[in-house]
Amino acid sequence: MILIVIKFPVRPDRIEEFRAKADEYAAAVNAEEGSLFFEWSRSVLEPDTFVCIEGFRDSDAGASHVATPHAKAAFDWMSDLVAEQPQIIYVDAPEVSGFGPMGEVQPRG
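So, how was this worked out
Residues numbered from 1 in each chain as written. Predicted model: local features only at pLDDT ≥ 70, side-chain atom pairs only at ≥ 80, totals over all residues. Heavy atoms only, no water. UniProt positions renumbered as here; feature names shortened; annotations may be inferred. Helix = DSSP H or I, 4+ residues; strand = E, 2+ residues; numbered from the N terminus. Buried < 20%, exposed > 50% of the residue type's maximum accessible area, 1.4 Å probe, protein only. Contact = heavy atoms within 4.5 Å. Salt bridge = Lys/Arg side-chain N within 4 Å of Asp/Glu carboxyl O.

Draft legend 1. Focus on the UniProt feature "domain: ABM" (unreviewed entry) in the chain. The sites that carry the UniProt feature "domain: ABM" (unreviewed entry) are, in the present numbering, residues 2-91. Counted over residues 2-91, helix gives 41% and strand 32%. Its end C-alpha atoms are 6 Å apart.

Right, here's the structure in full:
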């Protein structure tokens, strides 16, 4: 699995535009054959920062993703909406296939 986490600092006056475009983009990415998950969250500590977490089956699926028309379009509109260059963590973990249960926390009662 390829695991990617990206922090997007968004211009404060463009937050709503970013949210709308990000939702559309997430739907398109989640429909890709090699996509395992693609989600956006808003930072609690930095409210103008959105965090993207994405997982792809393997590096071929990741390469296919960046070549899609919706990814190319997103890279373009994102440049108009970010306040600073996004920061990324990219991990190639072939032994991981997705999320698993967290041992330290379980529902009570």
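Read on, since the account is not over.
Draft legend 2. Representation of the side chain of His65. Position of His65 among the secondary structure elements: in helix H2 (residues 59-66). For His65, a relative accessible area of 4% corresponds to the buried category. Those residues in contact with His65 that lie beyond four places of it in its chain are Tyr25, Val29, Glu32, Glu54, Phe56 and Ala71.

Draft legend 3. Spotlight on the pattern of salt bridges. In the structure shown here, the tally under the stated rule is three salt bridges. Its salt-bridge partner being Arg14, residue Glu17 comes within 2.8 Å of it at the nearest N-O pair. Exposure remark for Glu17: the relative accessible area of 33% places this residue in the partly exposed category. Overall, Arg14 belongs to the partly exposed group, its relative accessible area being 25%.

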